[in-house]
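Residues per chain are reported as follows:
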Amino acid sequence: MGLQEIRTRIHKAEDAAGRAPGSVTLVAVSKKQPNDRVEAILEQGHRCFGENRVQEAAGKWPDFRERFQGIDLHLIGPLQTNKARQAFELFQAIHSVDRPKLARTIARLAQEEGHCPDLFIQVNTGEEEQKAGILPAEADDFIKDCKGMDLPVKGLMCIPPVDEEASLHFALLAKIANRNGLEGLSMGMSGDFEKAIALGATHVRVGSAIFGERAY
Ligand SMILES: *Cc1c(COP(=O)(O)O)cnc(C)c1O
C-alpha cells in the first residue's frame, strides 16, 4: 500500500458514488509513526495529517512545519480542556469535540485568540461506554448549543464499534448531519474508507494503510 494507492482508491470511490473528484479530504494519520515515514509522505507532496495526542503532535510537527509549507494538521483524538490552548496553536481542525465543557472552553479560547480551528462533533454512534462522543439522541441539542456559541462546526465525526458493520454507523452519522444542516462527515479509516465515501464522508482518516503498522 502507500499514499498513491490510497489516493487512487479514494478517487475510484468518489467516482462510484457519483461525487466530484477531490470532494474527499485524505487525513493521513501519522500517530505513532516513525518520523522518516512521515517525512516520506511530506516529500510526496501530501500536507493533511491527523494526530490523536496533543503532546505527540507538539513533539514532531513544529520541526516539520519549518521545513514544509502548508501543513494542515487535524486533531482526531480526545482533547483535555487544559490542553485546548496548545491545540489551538497546533491544529487547523479538531474532530473530537465530544462534551459541553470542551465546547465552552473552545468558545472562550476562540474569543481570546480571535480564531478557531474547524470543528467536528464526535458522535458515539455505537453508544459504547468506553468511547467518547455525544450520544445520538443528544446530538441535535448539542449541535444547536455549539452553533449558539458561534463555534465553527463543520460537521460530525464517528468511530464505529470494531465488531459491527461500519456502514450502519456511517449512515446514522450522515442522517444526523443532514437534519442539522452540516456538510462535513469525518468517517472511514484504513479498513472501511470506501464504504464511508459511498455514504458521504468528506474526510477519511487513514493511517496504517498509508504508513504501515504503527509502533507501540
Ligand atoms: C488511529 C486512528 C485512525 C487511523 O486508523 P487506521 O486503521 O490506521 O487507518 C483513524 N481515526 C482515529 C480517531 C484514530 O485514532
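Structural data are supplied above this passage.
Thresholds, definitions, all that
- Counting starts from 1 at the beginning of each chain's written sequence and moves along it residue by residue.
- Given that this is a predicted model, residues contribute local features only at a pLDDT of at least 70 and side-chain atom pairs are listed and counted only at 80 or more, while totals for whole chains, interfaces and linings are drawn from all residues.
- The side-chain numbers reported here are obtained from all heavy atoms of the structure, hydrogens and water having been left aside.
- Helix numbers and strand numbers start at the N terminus; a helix is a DSSP run of H or I with at least 4 residues, a strand a run of E with at least 2.
- Residues count as neighbours in contact if any of their non-hydrogen atoms are within 4.5 Å of one another.
- Axis definition: a line fitted to C-alpha atoms, over the contacting stretch in the case of helices. Angles run 0 to 180 degrees between N-to-C directions.
- Under this scheme an angle from 65 to 115 degrees is roughly perpendicular, one under 35 degrees roughly parallel, and one over 145 degrees roughly antiparallel; angles in between are oblique.
- Whether a crossing is left-handed or right-handed is set by the direction in which the near helix is turned from the far one by less than a right angle, anticlockwise for left-handed and clockwise for right-handed.
- Think of a salt bridge as a Lys or Arg side-chain nitrogen and an Asp or Glu carboxyl oxygen that are within 4 Å of each other.
- Between buried and exposed lies partly exposed: a residue is buried under 20% and exposed over 50% of the maximum accessible area for its type, with that area taken using a 1.4 Å probe on protein chains only.
- Only rings of Phe, Tyr and Trp enter the pairing, Trp through its six-membered ring, and a pair is recorded when the two centres are within 6.5 Å. The plane angle decides the type: under 30 degrees is stacked, over 60 is edge-to-face, the rest tilted.
- What makes two strands pair is DSSP finding at least two bridges between them.
- A clockwise course of the path from the first strand over the helix to the second, judged with the strands pointing away from the viewer, identifies a crossover as right-handed.

### Observations regarding the side chain of Asn-180
Mapped onto the elements of the fold, Asn-180 is located in the loop between α7 (166–179) and β7 (184–186). Non-local contacts of Asn-180, meaning those with residues more than four positions away in its chain, are made with Asp-140, Ile-143 and Lys-147.

### Some points on the packing of helix α6 (residues 136–148) against α7
At a minimum axis separation of 10 Å, α6 and α7 run at an interaxial angle of 30°. One finds that α6 runs roughly parallel with respect to α7. Between α6 and α7 lies a crossing of right-handed hand. Contact residues: α6 offers Pro-136, Ala-139, Asp-140 and Ile-143, while α7 offers Leu-172, Ile-176 and Arg-179.

### Focus: the pattern of salt bridges
A side chain with one charge may pair with a side chain of the opposite charge, provided their charged atoms come close. Taken as a whole and judged by the stated rule, the model has 12 salt bridges. Across the pair Arg-9 and Glu-194 runs a salt bridge whose closest N-O atoms are separated by 2.9 Å. Of this pair, Arg-9 sits in helix α1 (residues 3–16) while Glu-194 sits in helix α8 (residues 193–198), and the two are 185 residues apart along the sequence. Classification of Arg-9 as partly exposed rests on a relative accessible area of 23%. Each of Arg-85, Arg-108, Glu-112 and Glu-113 takes part in one network of salt bridges that share partners.

### Describing the packing of aromatic side chains
Under the criterion given, the structure shown has 2 aromatic pairs. Relative to Trp-61, the ring of Phe-49 has its centre 4.8 Å away and its plane inclined at 45°; by these criteria the two rings are tilted. Of the two residues, Phe-49 is situated in strand β2 (residues 48–51) and Trp-61 in helix α3 (residues 54–67); the sequence distance between them amounts to 12 residues. Judged by its relative accessible area of 0%, Phe-49 is buried. Three or more aromatic residues joined by ring pairs make a cluster, and in this case those are Phe-49, Trp-61 and Phe-64.

### A closer look at the pairing of strand β5 (residues 118–122)
The buried fraction of β5 is high, at 4 of 5 residues. For strand β4 (residues 93–97) and β5, the ladder comprises 3 bridges, and the chain directions are parallel. Pairing of Ile-94 across the sheet is with Leu-119, part of β5. Handedness of the crossover is the feature at issue here: the chain leaves β4, passes through helix α5 (residues 100–113), returns alongside β5, and the resulting connection is right-handed. Examined bridge by bridge, β5 and strand β6 (residues 153–157) share 4 bridges and lie parallel to one another. The residue of β6 that forms the bridge with Gln-122 is Met-157. On the question of chirality, the crossover connecting β5 to the parallel β6 by way of α6 is right-handed.

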